Structures are given as structure tokens and as C-alpha cells.
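# Topology and contacts: notes
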Amino acid sequence: MNLALIGINHRTALLDVREKLWFSDAELPHALAQLKDQFFTECFIVSTCNRTELYGIVDVQKIPGNASANLKGACDVLVGLKSASQSVMPQHLYQFYGCKAAAHLFKVASGIDSMVIGDIQILNQIKSHYNLASAERTIGVFLNRLVQTALRVGKRARTETTICEGAVSVGYAAVELANKIFSNLSEKRALLVGAGETGELAAKNLVGRGIASLSIANRTRAKAEELVQDLGGNVVEFDQLEPSLLDIDVLITSVSSPQYILTPDQLRRVMKARSNAPLLVIDIGVPRNVHPDVNKLENVFLHDVDSLSRIVDQNLTRRKSEIAAVNKIILEELIGMRHWLESLQVSPTISDLREFFESVRSDEVKKHINRFSEQDRELVDLVTKRIVNKLLHLPTTNLKNGNGESAEESHKKIHIIRGLFGLHKNEPVQNKPEQDRNL
Amino acid sequence: MKIFILYFNYLLPVLYWITVWSYAKAFFRNSAFAKKVKTPLLVFTVGSHTLYLIARTIYFGHPPITNIYEILSVLAFTTALSYLTIEYITKVKSTGYFVLVISFFFQLLSTVLIQDLANANPILRSNLLGFHVASALLGYSAFALSAVYGFLYIMLYHHIKSNRFGVIYDNLPDLEKLERMATVSVVIGFVLLTVAIIVGVVWLPRAFEHYSYFDPKLVGTIVIWLTYGIGLLAKRSIGWQGRKLMVLSIVGFVVTMLSLTVVNLFLSGFHNFY
């Protein structure tokens, strides 16, 4: 298979270069049509904020000779489509072929090539861009198979490994912490003090996990009201924090203030009044908003940006350690893909076809042989064999000769023949989706 | 039957060991295989243990409570059974290692030291007594469980407070859940102990001519009962929760262990049958 990949991603180029090569959904149909027209038999583009990648099956009639040397034209067209030749330099682009290109797509789909390891938002993007290319009819047998396999790799990575587990942003780490202290966030209440961005993000995540109620306090009340519009909840007075602390379980502070807004003495009073019910305090302010000695109070859990970052780092390290397991899945799927490709060769298909006919013939003969007299039996065997041979003679010769068609066309033809006669035994992967569903 | 009992006596610690090992492997090494097999293994082990105890009862003609090593085996059984129940109810499957390791040691001691007593103390062949012992032992297992959960709570509490996000942080259920599990265990244990005390006091005058209500065993048991009772009362009335309550669940268990060992072996007047 002449699979080629041309791409740019967060490793090879900075955002200001990457964004020049970003294709919107509206731009993709035209780009796909033109690229297919000039270079490929099939092609599709994945374009996100971190990468733009073009996958194509090189049409040897359009690009004769050594495909790898001649793909420069395709690069130029890709860059030209966005008129980005000023900023996108050859060193920003990478090219892979065959197996390596397929492996790359699998890596992308499984999240190990993402900026944040295990971030598999990308899976949905691949799916939607694939659908788009499909609608534009630039997807054929091969890319279909490739993308379906990639989507399966992504799914398997998510379910069979822990590559996507654990919070990898400070906001989520706060939620993770809350989940380690409280069983059911939907019975808990949170208070956000201040309107810093990270604090807002943490509060947003808590709301996303279904926290029962969210109150917001801010020095400028208008800003708090704006946030309430965005996140839901209610506004409380910034100057009267203590009473608001009585019936909450999670407190997030992100105020820019030179003094502490919460001291141990204050909180000691509060804790007594709330009969010592556990309180998680997440202090995202810099400088810190809450006096560190607060952590010494019983049932108060104080965490600042450093401790949240520690959770994030640890989760990232853990995700990294899963890369080997993901690579194993990728290898398995590559081998499956390889088996499928091999099965599309002419001679194994002919022998499979013959084997299939022979098995039908011999089964039927065996079933009915007793109806014939002893001396006729040998003859029955011979006659049926001849029928099968004659039936298969013309298809076999036609398959062998190929009538001057390209390798791609003959692969497609074989794909259809295998489908028609159910000759899938060389394709271990073919049955895999069924198994996945049962998992 | 004799062969069966002998065989199972040696098989049980092995089964417990395998079970504990798979729970540990699941907790500390995050092994997918161990996670899959651990609960079925536990069910199998508890099932085998049930058969063993029934076989003993039939063969020797009395329930296996006539000497301390039989009792140890029953304690191992009740602890494992209580854990299995809690795991089934709460669906929290990660804490098994910390509980089942107790069962393993109890059963190991029992296996090595057990003697087969065909003619037990006639006082111990009473239905009331069977009821008394069963509720007391189940109650003690519940206390053991609550102490384990209290201990896990305190461990996780300190890990969270001091920003240690390791294996303990990753694999234990949340603090609230641990506290609830410990509290439920204490309540169950407390009820069972109350039953055991009432039955014991009813049975006492029937079994002995000379007895005293100030016997060290009785006093010790009342101290246990009061410790847990005060804890439960403090939770209900003045809203004790979190770490303080969990410390109490551990203290209660230490007192229980003292009563079971020191008082029983060295001080007891009448409660000394073995």
C-alpha cells in the first residue's frame, strides 16, 4: 500500500506556524478534492490546533517513480492551499510512508502523540474529519480500513490501559482531591472566592462533576455576578466570608491580595461552629490567600497550587509509563493490518478461493456418496472436481492476468471477492470489533 | 470425614494466603489479573471454610468453640465473611488485603496448634452458649473490621494532609466512605456484643453455682461496650466525626484484644475453659 503522510505538529512547529496550516471544516472539501485529483487515489486530512496531517494513498500514475522523492509536489500544494509558503518551511513538515505512516496515525489516535499524553479528544476529531472526507468521496477501501483500525486503537488504549486516567490539569486535580475526601460530590457545596482563571476552571470542573451548589464571592460584585451567569450558583458578599463557610465542603480561593484572607483563628471558629465537618480548602492565589497553618486544624485539608501540580506531575508520569502498553496495542493492530493487506494479494486469494470451493464440493460428495453404487463413487468424485475446476478456471486466469489494471484496483477487486465468498480466515482483525463490543 | 478435616485444616491457610496475595497484588501492583480473580478466590475460600467448620461440628459432635484454636479459626472465618459482606454491600473492593491478612494469621495459628477434642467441657455443650459465642465472635470481627477501616482512614487522612499522593492515595476509597464503613461495622459490632452480654448474663447463673458480677471478664467486656457506646453517643449527640471517631474505633479494638487475651488467659475467674 502506498500510504503517505505529510504533517505538521506541536513537536515540529510553534503555534504561530501551525495555525497557518490549520484547515477549517469549510476549507477541507476543496483541499481534499484538489489533493486527490493531483496525487492520490484516496486521502483525508486531520486538522486540529496541535496538528495538521494529510494521509493519502499515492496514485502511482499521477506520481511516477519513487513516491517518497516525489511527494514534494503534494507538500507544496498543501501549503499553497493555505497560502502559507511564507511561514511554513520544509523543516516544519514531516513525511512518513507505509507502515510508519500507519503507526503514526495509530499513535495520534491513542493519545501518545498528543501534547498532553493520553488526551484523546483527538479521537473525535479524527472521526469527524474522516466522516467529512467520506462525504467528499476521497476515502476508499484502504483509508477506510486504516481509520477504522486507528479508531479501534484509540478505544483499546482507553479501555485496556490507563493512558487516559488521572487528572492532568490543576483544575481537574482539585476535583480529584475532592473525590478522595467526599463520596458524593452531588451532596456537597462549594464556595469560590475571587475570579482568577484557574480558580474559575476548578469551579467549572466541580460543577461539571455535579456539585450540589456553588456560591461565588468576589471583591467586585459585578464580576461574581458575571461568573454566576456562566456557571450557575449564587453570589455571596466578599466581606462576610465566615458565615458562608459554615455550610460548604469545598472552598476555592484565587484572590490577588497581599494579605491572607483566611487565618487559622478564623477557621478554628468556623470549624467549631460546623461541628468539625471536613473542609477542603484549595488555595490557588499567588501569593497564597490562606495561612498555611490552617492545614494543622483537624478535618481541614489545605492544598495550594504546588500540591495540585504534584498530582498533575504524578499522573503524567503514570501515563508515560503506559506508553509501552499502548505501543503493544499499536503493534498488534499493525500486524492485523499487514495480514489484511497480504490477504489482498492475488495468489493467496486464488488458493483460498479454490480451498473454499473444494471444501464445499467434498462436503457435499461425502454427504451423498452412499447413494451411489461402489463402482460409481470414484466417478462422482472425479466429475464434481472437474465441474469445480471449470467453474474456477476463468476467474483464476482473469485474476492472474489482471488485464493491466493498477495494484490498487486489483486490491479493491480482491477485497470484493473475499467479501463475496467470505474468505476472511487470513484476517484475524476482522472479527475484533465483535469482541470489543463484548468487553 | 476425619481425612477431610485434616486436609482442609492445612488447605485453609494456603487458600487465605493466595487470597491475601491477590488482594495485595491488586492494591499495590494494580494487577488486572489479580483484580479479576480476587473476589471469586475469597468466595471460594470462605465457602471452603464453611464446609470445614460444618465438618468439625458434625464429626466432633459440638460446635468448634471448645478451645482457643478452634475459636481462632472461627474468628478468621467471621472476619473474612464480614469483609465479604461489606465488599458486596459497598462495592469497594480495594481494602481486602488489610482485613484478610488478619484472617490469614488467625487461621495459620489455628492450623498449627489445633487439637481435636472429642470430649469437651460439658458446660460448653449448651445452645444458649452457642448463641452467646456466635454473637460475641461476630461482634469482635465487626470491631476488627472497623479498626482496619479506622486505620486506613487515618493513613489516608495524613497522606492527603501532607501531600503524599502514592499507592495509598490512589487505591483507597474516599475518606467519607472509609468513615462510613468503620461506623457501620462499629454499630453492627455493638449490637452483637450487646446480645452476647445479655445472653451471657442469662446463661451465667444456670451454668455456675458460684459467680461474681465483678469477674474481670465481665468488667472487661463492659469496658469495651462502654468505649464503643460513648463513641456512638458522641457521634450522635455532639457530632463527632472524622479523625477523632476513627481513633476511637482503633482504641476500642485494642481494648477488645486486651480483654480477649490478657483477661482471658491471666485474670479470668470463670471464663476460663481451655
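Everything below is about the structure shown above.
If you're wondering where the values come from, they're calculated on a predicted model, not measured in any experiment.

## Re the overall build of chain A
Check the secondary structure of chain A and you find 18 helices and ten strands. In terms of overall dimensions, chain A is more spread out than a globule: its C-alpha atoms have a radius of gyration of 31 Å, far above the 22 Å expected for 439 residues. By its C-alpha atoms, chain A is 105 × 65 × 35 Å across when sized along the principal axes. Buried positions account for 48% of the 439 residues belonging to chain A. Once local pairs closer than 6 in sequence are excluded, the contacts in chain A between residues at least 24 apart make up 73%. Approximately 21600 Å² of chain A is accessible, and the part contributed by carbon and sulfur atoms is 52%. Counting 53 positive and 52 negative side-chain charges, chain A places the averaged centre of each group 4 Å from the other.

## As for helix α4 (residues 72–81) of chain A
Among all positions of α4 of chain A, only Ala74, Cys75, Val77, Leu78 and Val79 of chain A are buried. Contact partners of the buried residues in α4 of chain A: β1 (3–9), α2 (28–38), β2 (40–47), β3 (51–58) and β4 (94–97) of chain A.

## What to know about helix α15 (residues 346–368) of chain A
Since the α-helix turns once every 3.6 residues, residues separated by three or four places project in the same direction. The end-to-end C-alpha distance of α15 of chain A, which contains 23 residues, comes to 33 Å, matching closely the 33 Å that a straight helix rising 1.5 Å per residue would cover. If you check which residues of α15 of chain A are buried, you get Thr349, Ile350, Asp352, Leu353, Phe357, Arg361 and Val365 of chain A.

## Quick notes on the interface of chain B and chain A
Each partner contributes to the interface: chain B provides 22 residues, whereas chain A provides 26 residues. Carbon and sulfur atoms supply 43% of the area buried between chain B and chain A, which totals about 2000 Å² over both sides. Sorting the residues of chain B by area buried against chain A places Lys161, Phe165 and Tyr169 of chain B first, and these three jointly supply 32% of that buried surface. For the interface between chain B and chain A, the tally reads three salt bridges. Among the ionic pairs, Lys188 of chain A bridges to Glu176 of chain B, the shortest N-O distance being 2.7 Å.

Thresholds applied
Residues numbered from 1 in each chain as written. Chains lettered and ligands numbered in written order. Predicted model: local features only at pLDDT ≥ 70, side-chain atom pairs only at ≥ 80, totals over all residues. Heavy atoms only, no water. Helix = DSSP H or I, 4+ residues; strand = E, 2+ residues; numbered from the N terminus. Rg over C-alpha atoms; globule rule 2.2 N^0.38 Å. Buried < 20%, exposed > 50% of the residue type's maximum accessible area, 1.4 Å probe, protein only. Contact = heavy atoms within 4.5 Å. Areas by Shrake-Rupley, 256 points an atom, 1.4 Å probe, with all protein chains shown as cover. Lys, Arg positive; Asp, Glu negative; His and termini not counted. Charge placed at Lys NZ, Arg CZ, Asp CG, Glu CD. Expected span 1.5 Å × (residues − 1). Buried area = accessible area lost by both parts, 1.4 Å probe. Salt bridge = Lys/Arg side-chain N within 4 Å of Asp/Glu carboxyl O.

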